[in-house]
Amino acid sequence: MNEFPRLLELHDLAAAEGRKRWDRRDLFARVEADKGRHFIGIAGPRGAGKTVLLKQLAAANPEAIYLSADTLHEDADLFDIIKSLSSRYRYRTFLLDEVHYLSGAQASLKKIYDFLDVRVIFTSSVALAMQASAHDLARRVRMHTLDYFSFREFLHFAHGEDLASMGLGDLICGRFSPGHLRAGRHFSGYLAGGLLPFALEEPEPLPLLAGTLEKIIERDIPHVLRLRLDELTVLRKLLVFVGRSAMDGINYSSLAANLGITKYKAEQYTAALEGAFVMRRVFPAGTNLLREPKVLLVPPMRLLHLSMAEAAGGLREDFFALAMRQAGIDLHYLKGTRGQKTPDFLVEHNGKNIAFEIGGKGKGRSQFKGISADHKIVLAPDIAPEPNRLPLHLVGFLASP
């Protein structure tokens, strides 16, 4: 195949770039240590560093080769390419970037697993596509997520501060250090865009985030869902509506009413945006409730539509939901009767129910009245820790699963 010299040259360039990136995300060590027969899939938002991670793996392993879907024809026969590279050049690990853009990727990966003695580590910016791959490939794939920086990672990469992670029980019981508390001085910078890995090199990351979001709408989501051109316009309007609205009122019904679409379409669009790591749906606790979720954005998406001051309340809830996802902790919201105040979220952890209220400095405990929970915690920025009241940024230190 005449393509091989070009692919080898591109791999050399990728590995050379990987050697320059000496500082590594937490996921690097977990992937490198995972030596099982299964393939590894890495899903995560555009700009989270998946490509950098693969290039670092290429630099660290002489038997690995980096291949990007952008350098292969969409209808390329992935099985034949990997078979030939393995037999000719003795590569044993194949690092496939944005594999969902290749036609028939799931079938090719299954065939590679069944008939070739190689390992594959692949990435995608669309969780829906990768979840489908993992389901189709059954025991053959172990999935991981590479998200935007946690607050703890941000402190390491942006400020050179290394602080230990903690469990949710440690947080509730106050087992954190003075260093964890002092780190709150960097929290506003994190929410303003510092959680985006590319912000390390770009002092103005929000315009780049806007461009990334447009790629997600134009390229990523249509690759998974068959949407008409006019539906992409509705997706953009949906994001603007959510970004500019109060969080508590956003669900399938409000989206349908304000955008002139059905609730079915509202569910389909929000699920697609969640699969592309733009949005987060948080469903209510309990089983006898209308299963409409509270719709949040992944921070700092809200800042594409509002100033930092205007977006503050929404950003705090967005951050809390992101931190729970990064820690692998299930999250629900509490739905009260009409007019009843309730805490923002409920977490079930180690057999305990923990109710969380997210707010500003003056937020009190009135929302907990009548709520049965093992712990009732108010989280707010820039407050001194006291029983049942904690600084919000501490949630950013929760350990990854």
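What comes next is a walk through the structure. All of these numbers come straight from a predicted model, not from anything done at the bench.

Time to look at the packing of helix H10 (residues 187-194) against helix H15 (residues 308-326). If you want to describe how two helices pack, look at the angle between their axes and the distance between the axes. One way to put it is that H10 packs onto H15 with a least axis distance of 11 Å and a crossing angle of 90 degrees. As summarised for this structure, H10 and H15 are arranged roughly perpendicular, according to the angle between their axes. Residues Phe187, Ser188, Tyr190, Leu191 and Ala192 of H10 form the contact with H15, whose participating residues are Met308, Leu315, Phe319 and Leu322. A per-class count over the contact of H10 with H15 returns 8 nonpolar, 1 polar and no charged.

This brings us to the packing of aromatic side chains. Taken as a whole and judged by the stated rule, the model has 13 aromatic pairs. Ring centres 5.6 Å apart and planes at 75 degrees place the aromatic pair phenylalanine 151 and phenylalanine 397 in the edge-to-face group. With a gap of 246 residues between them, phenylalanine 151 in helix H7 (residues 151-159) and phenylalanine 397 in the segment after strand S12 (389-391) connect regions that are remote in the sequence. Phenylalanine 397 gets classed as buried once you look at its relative accessible area, which sits at 0%. Taken together, the ring pairs in this structure connect Phe151, Phe154, Phe187, Tyr190, Phe319 and Phe397 into an aromatic cluster. Across the ring face of tyrosine 101, the terminal group of arginine 219 is positioned such that the distance to the ring centre comes to 3.8 Å. Positioned above the aromatic ring of phenylalanine 345 is the side chain of lysine 294, whose terminal nitrogen or guanidinium carbon lies 4.9 Å from the ring centre.

The next point concerns the pairing of strand S6 (residues 279-282). The side-chain alternation of S6 yields two buried faces, one formed by Met279 and Arg281 and the other by Arg280 and Val282. Relative to strand S7 (residues 294-297), S6 runs antiparallel, the two being bridged by 4 bridges. Pairing of arginine 281 across the sheet is with valine 295, part of S7.

As summarised here, the arrangement of the 5 strands in space is S2-S3-S4-S1-S5, forming an open sheet in which the pairing is parallel. Strand pairing shows two members of the sheet lacking a second neighbour, strand S2 (64-68) and strand S5 (141-145), which therefore form its edges. Strand after strand, the sheet turns through a mean of 20 degrees between neighbouring axes, direction not considered.

Attention now goes to the side chain of histidine 11. Within the secondary structure, histidine 11 is located in helix H1 (residues 4-20). Under the relative-accessibility criterion, histidine 11 is labelled buried at 7%. Residue contacts for histidine 11: discarding those within four places in its chain leaves Ala58, Ala64, Ile65, Tyr66 and Tyr91.

A few words on unusual backbone geometry. Look at the link from proline 299 to proline 300: it is a cis peptide, with omega at 5 degrees. Residue placement: proline 300 occurs in the loop between S7 and H15. With a phi angle near 65 degrees, arginine 90 is a residue other than glycine that sits in the positive phi range. Mapped onto the elements of the fold, arginine 90 is located in the loop between helix H4 (78-89) and strand S3 (93-97).

Under the defined criterion, the tally for this structure stands at 2 cavities of 30 Å³ or more. Quantified by volume, the largest cavity comes out at close to 40 Å³. Lining of the largest cavity is provided by Arg280, Leu297, Val298, Pro299, Asp318, Ala321, Leu322 and Arg325. No other element matches H15, which puts 4 residues into the lining of the largest cavity. Estimates place the volume of the second largest cavity at around 30 Å³. Forming the boundary of the second largest cavity are Ser150, Ala323, Gln326, Ala327, Val395, Gly396 and Leu398. Residues that form the lining of the second largest cavity fall into these classes: 4 nonpolar, 3 polar and no charged.

What follows deals with helix H13 (residues 252-259). Along H13, the residues that are buried comprise Tyr252, Ser254, Leu255 and Ala256. Tucked inside the fold, the buried residues of H13 contact helix H12 (229-244), helix H14 (263-275), S6 and S7. Positive phi appears at glycine 260, one or two residues downstream of H13, with a value of about 70 degrees.

Here H1 spans 25 Å end to end across 17 residues, near enough to the 24 Å set by a 1.5 Å rise per residue. For H1, every residue scored as buried is listed here: Phe4, Leu7, Leu8, His11, Ala14, Ala15 and Gly18. An end-on view of H1 places all buried positions within 120 degrees of arc, on one side of the element. In H1, the exposed positions angled more than 90 degrees off the buried face are occupied by Pro5, Glu9, Leu13 and Lys20. Those residues of H1 that are buried lie in contact with helix H3 (50-60), S2 and H4.

Ordered by their spatial adjacency, 5 strands build an open sheet running S8-S9-S10-S11-S12, and the pairing between neighbours is mixed. Since the sheet does not close on itself, it has two edges, and those belong to strand S8 (332-333) and S12, each with one partner. Relative to strand S9 (residues 345-349), S8 runs antiparallel, the two sharing 2 bridges. Note on S9: the bridge partner recorded for histidine 332 is leucine 346. Seen against the sheet, H15 touches S9, strand S10 (352-358) and strand S11 (375-380) and runs at an angle of roughly 150 degrees to S10.

Between H1 and H3, whose axes approach to 7 Å, the crossing angle comes to 95 degrees. Judged by the angle between their axes, H1 and H3 are roughly perpendicular. Along its contact with H1, which presents His11, Ala14, Ala15, Glu17, Gly18 and Arg19, the element H3 presents Lys55, Gln56, Ala58 and Ala59. Among the residues forming the contact of H1 with H3, the class breakdown is 4 nonpolar, 3 polar and 3 charged.

Analysis parameters
Residues numbered from 1 in each chain as written. Predicted model: local features only at pLDDT ≥ 70, side-chain atom pairs only at ≥ 80, totals over all residues. Heavy atoms only, no water. Axes fitted to C-alpha atoms, helices over the stretch in contact; angles between N-to-C directions. Helix = DSSP H or I, 4+ residues; strand = E, 2+ residues; numbered from the N terminus. Parallel < 35°, antiparallel > 145°, perpendicular 65-115°, else oblique. Contact = heavy atoms within 4.5 Å. Nonpolar A, V, L, I, M, F, W, Y, C, P; charged D, E, K, R; others polar. Phe/Tyr/Trp six-rings, centres within 6.5 Å; stacked < 30°, edge-to-face > 60°. Buried < 20%, exposed > 50% of the residue type's maximum accessible area, 1.4 Å probe, protein only. Lys NZ or Arg CZ within 6 Å of the ring centre and 35° of its normal. Pairing = 2+ DSSP bridges. 1 Å grid on protein atoms, 1.4 Å probe; cavity = no way out; pocket = protein on both sides within 12 Å on 5 of 7 lines; lining within 4 Å. Points joined across faces, edges and corners; volume = space filled by probe spheres on them. Expected span 1.5 Å × (residues − 1). Arc of directions from axis to C-beta.

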